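Take a look at the letters that make up each chain.
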Amino acid sequence: MRSAITISLIPEAHGAPFVFRDDLAAGCERAAALGFDAVEVFPRSAQELDVQQLKNLLAQHRLQLAAVGTGAGWMVHQLRLTDADTETRQCAQEFAAAIVEVAGGLGAPAIIGSMQGRWEGGVTRDQALGWLAEALEELAPHAQNHRVPLLLEPLNRYETNLLNNVADSLDLLRKLRAQNVKLLCDLFHMNLEEANIADALRLAGPKLGHLHFADSNRRAFGFGHTDLAPVVQALRDIGYAGCVSGEVLPLPDSETAAKQTIASFKRWFG
Ligand code: LER
Ligand code: MN
């Protein structure tokens, strides 16, 4: 398993669970200095990400790119893949596809999390799931061209009413022709939504593609009360070999959250 830490380049995302923010160079420097294997980057858009700078920083610090988030599509641009408006869905699709391409070019998967949107108004749950499935079918081949998966993240009920748990997300994956859509399981969301986190990870099994490593209160692992022992056992049992990425609140500050994340990673996965 590889350790990773999050860097947000979205000025509007203050209050969101990203450890380092606003400065890609400084984030990569701290990540490498603290011993992380990889960084997970959240750009404002594909076009606003300086790909050459990121490539140089990864090479300079011997870091891998764990994943690239599409969350700004929703947070900044109010784009959802399941919006009732056809044109907005198309814009959302183009926004996400551009990030899939940029991430794939750097050997990393893109994350579809908040861009899954929600069902509301005149849109039924089935309709929203149908639109999400169509979007994933279109995005997944772009990722496949780069030989990377596309990550789908179930979120807790306060962020979406569409995919909240592993079982429902697997139901959707089973309906897809694309085989490279994998689940991103976020331990913070799972703590709220799953009856048993370890059982849910076992259910995900080979479809688990990425892990967000956050404690019960969305702080760095060890700063909350999630019992990690059964979670680690489940990950071992399913042979998970992907990233364990600290997507947590920068509390009490970024440096302390990052240090706590790598210390917990080494303790449990080292
Ligand atoms: C949002 O709550 C989250 O967990 C992010 O990873 C979504 O992109
Ligand atoms: Mn997450």
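Residues numbered from 1 in each chain as written. Chains lettered and ligands numbered in written order. Predicted model: local features only at pLDDT ≥ 70, side-chain atom pairs only at ≥ 80, totals over all residues. Heavy atoms only, no water.

(A) Up close: unusual backbone geometry. In this structure, P252 follows L251 across a cis peptide bond, with omega equal to 0°. Inspection of the secondary structure assignment puts P252 in the loop between β9 (243-246) and α10 (254-269). For D22, which is not glycine, the phi torsion reads 70° and is therefore positive. Unusually for a residue other than glycine, R218 sits at a positive phi of about 65°. Overall, R218 belongs to the buried group, its relative accessible area being 11%. (Helix = DSSP H or I, 4+ residues; strand = E, 2+ residues; numbered from the N terminus. Buried < 20%, exposed > 50% of the residue type's maximum accessible area, 1.4 Å probe, protein only.)

(B) Here's a closer look at the nonpolar core. In this structure, V39, L65, L150, L152, L187 and L201 are the most contacted members of the largest nonpolar core, which totals 99 residues. The biggest single contributor to this core is helix α5 (residues 125-145), with ten residues. Sequence-distant contacts of L201, that is, excluding residues within four places in its chain, are made with C185, L187, M190, L208, L211, V231, A234, L235 and I238. (Core = buried A, V, L, I, M, F, W, Y, C linked by side-chain atoms within 4.5 Å. Contact = heavy atoms within 4.5 Å.)

(C) Fine view of the coordination of the manganese ion (ligand 2). Bound to the manganese ion (ligand 2) are the protein donor atoms E153 (OE), D186 (OD), H212 (ND1) and E247 (OE), situated 2.1 to 2.3 Å from the metal. Its six donor atoms give the manganese ion (ligand 2) angles of 69 to 176° at the centre, a pattern that matches the octahedral case. Sequence spacing of the donors to the manganese ion (ligand 2): E-x32-D-x25-H-x34-E. One end of the pair, D186, is in strand β7 (residues 181-186); the other, E247, is in the loop between β9 and α10, and 61 residues separate them in sequence. By relative accessible area, which is 5% here, E247 ends up buried. (Donors = N, O, S within 2.8 Å, 3.2 Å for Na, K, Ca; no water. Tetrahedral: all angles 85-135°; square planar, octahedral: opposite > 155°, others 65-115°.)

(D) Quick peek at the site of ligand 1. Close to ligand 1 lie E153, L155, E159, D186, H189, H212, R218 and E247, which account for all nearby residues. Contacts to ligand 1 include R218, whose side-chain N or O atom sits 2.9 Å from an oxygen atom. When the residues that make up the shell around ligand 1 are grouped by side-chain class, the tally is one nonpolar, two polar and five charged. (Near = heavy atom within 4 Å. Polar contact = N/O pair within 3.5 Å; in protein donor to acceptor, adjacent residues only side chain to side chain. Nonpolar A, V, L, I, M, F, W, Y, C, P; charged D, E, K, R; others polar.)

(E) Representation of helix α4 (residues 86-105) in the model. For α4, which comprises 20 residues, the first-to-last C-alpha distance of 29 Å matches the rise-based estimate of 28 Å (1.5 Å per residue) to within 8%. At the C-terminal side of α4, G107 shows a positive phi close to 80°. (Expected span 1.5 Å × (residues − 1).)

(F) How the structure looks around the packing of helix α1 (residues 24-34) against helix α2 (residues 51-61). Taken N-terminus to C-terminus, the directions of α1 and α2 make an angle of 20°; their axes are 10 Å apart at the nearest point. Here α2 runs roughly parallel to α1, going by the angle between their axes. The crossing of α1 and α2 is right-handed. Listed contacts from α2 to L24, A25, C28, E29 and A32 of α1 are Q53, L54, L57 and H61. Considering only residue class, the contact of α1 with α2 consists of six nonpolar, two polar and one charged. (Axes fitted to C-alpha atoms, helices over the stretch in contact; angles between N-to-C directions. Parallel < 35°, antiparallel > 145°, perpendicular 65-115°, else oblique. Left-handed = near helix turned anticlockwise from the far one by under 90°.)

(G) The packing of aromatic side chains, seen in detail. Applying the stated criterion across every chain yields a total of four aromatic pairs. Aromatic pair F18 and F42: ring centres 4.3 Å apart, planes at 40°, arrangement tilted. Of the two residues, F18 is situated in the loop between β1 (2-8) and β2 (20-21) and F42 in strand β3 (residues 38-42); the sequence distance between them amounts to 24 residues. Across the pair, exposure class does not vary: F18 and F42 are buried alike. (Phe/Tyr/Trp six-rings, centres within 6.5 Å; stacked < 30°, edge-to-face > 60°.)

(H) Molecular detail of the pattern of salt bridges. Summed over the entire model, instances satisfying the criterion amount to 17 salt bridges. R157 is paired through a salt bridge with E193; the nearest N and O atoms lie 2.9 Å apart. On the criterion of sequence distance, the pair formed by R157 in the loop between β6 (150-152) and α6 (166-174) and E193 in helix α7 (residues 187-193) is long-range, its members being 36 residues apart. Here the salt bridges share partners, and the residues they tie into one network are E29, R30, E255 and K259. (Salt bridge = Lys/Arg side-chain N within 4 Å of Asp/Glu carboxyl O.)

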